[in-house]
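# Observations on the model geometry
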Amino acid sequence: MKLTADRVAAERDWIAARADRVVPVINVVRDDLGEIFDTDVDPVTEAQYHEEVDAVFADGDLAVNVAAMTAILRDLDVEGDYPGFVVDEVLGRELAGTIAGTQPLRTLGEATFHYADLQVHGDPEENAGVDDLEAALAAGFQERIPGWNWTERESPFALE
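Residues numbered from 1 in each chain as written. Predicted model: local features only at pLDDT ≥ 70, side-chain atom pairs only at ≥ 80, totals over all residues. Heavy atoms only, no water.

Let us now look at the overall build of the protein chain. Counting its secondary structure elements, the protein chain contains seven helices and zero strands. Counting from the amino terminus, helix and strand elements in the protein chain follow one another as α-α-α-α-α-α-α. Against the globule reference of 15 Å for 160 residues, the protein chain gives a C-alpha radius of gyration of 16 Å, in line with a compact fold. If you line up the protein chain on its principal axes, its C-alpha atoms span 50 × 35 × 25 Å. Scored against the burial criterion, the 160 residues of the protein chain give a buried share of 43%. In the protein chain, once contacts between residues fewer than 6 apart in sequence are set aside, the share between residues at least 24 apart is 72%. When the accessible surface of the protein chain is split by element, carbon and sulfur atoms take 53% of a total near 8,800 Å². Counting 11 positive and 35 negative side-chain charges, the protein chain places the averaged centre of each group 6 Å from the other. (Helix = DSSP H or I, 4+ residues; strand = E, 2+ residues; numbered from the N terminus. Rg over C-alpha atoms; globule rule 2.2 N^0.38 Å. Buried < 20%, exposed > 50% of the residue type's maximum accessible area, 1.4 Å probe, protein only. Contact = heavy atoms within 4.5 Å. Areas by Shrake-Rupley, 256 points an atom, 1.4 Å probe, with all protein chains shown as cover. Lys, Arg positive; Asp, Glu negative; His and termini not counted. Charge placed at Lys NZ, Arg CZ, Asp CG, Glu CD.)

Below, the discussion takes up the environment of Glu 126. Along the polypeptide, Glu 126 turns up in the loop between α6 (105-119) and α7 (129-144). A C-alpha to C-alpha distance of 8.4 Å links Glu 126 and Arg 74, two positions 52 residues apart in sequence. Residues contacting Glu 126, with those up to four places away along its chain left out, are Arg 18 and Arg 21. Of note is the side chain of Glu 126, whose polar atom sits 2.9 Å from the side chain of Arg 18. A distance of 3.3 Å separates polar atoms of two side chains, one belonging to Glu 126 and the other to Arg 21. (Polar contact = N/O pair within 3.5 Å; in protein donor to acceptor, adjacent residues only side chain to side chain.)

Moving on, we get to the side chain of Arg 18. By secondary structure assignment, the location of Arg 18 is in the loop between α1 (5-17) and α2 (19-36). A distance of 2.6 Å separates polar atoms of two side chains, one belonging to Arg 18 and the other to Glu 134. Non-local contacts of Arg 18, meaning those with residues more than four positions away in its chain, are made with Glu 126, Val 130 and Glu 134.

Next up on the list: unusual backbone geometry. The amide bond that connects Gln 103 to the next residue, Pro 104, takes the cis arrangement and shows omega of 5°. When you line up the elements, Pro 104 lands in the loop between α5 (85-100) and α6. Phi at Asp 38 is positive, roughly 50°, even though this residue is not glycine. Mapping Asp 38 onto the fold places it in the loop between α2 and α3 (46-58).

Dropping the structure here:
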């Protein structure tokens with residue numbers, strides 16, 4: 001695979017165009033986890049998703065890595081799917097963490113990927129990696145977008 005600025009832009013456009021599929025997954029995950037952890041979590045809009053896609057791709061070093069993993073997952077298909085289960089899970093988890101950002105959001109993005117992956121069932125005509133890609137986008141971007149109470153407060157561990 002060769003990545004150019006044009007290819008990075010094309011992958012960004014593909015990610016942005018998936019808002020209608022990714023944002024509903026984000027909101028299901030937030031609703032479910034909010035209930036599990038007994039907290040209110042704000043829903044995400046397509047506008048917020050697009051804003052964060054733009055933020056990720058404004059950082060060139062981050063953009064090229066997100067684009068590469070996206071391209072691999074979009075193209076990944078294994079006959080019978082199950083033999084490829086591990087590789088699409090590894091790539092999906094890594095993509096979710098990369099999009100989510102620095103710690104602790106990175107680890108939360110990776111963990112949330114596995115939950116989001118249970119919510120996404122790809123189209124039979126799509127390659128096997130696409131549903132893991134959508135789960136990764138949902139998990140990573142949901143961590144970046146405000147709405148979790150614990151991220152909107154001063155940390156009790158910050159030192160002055």
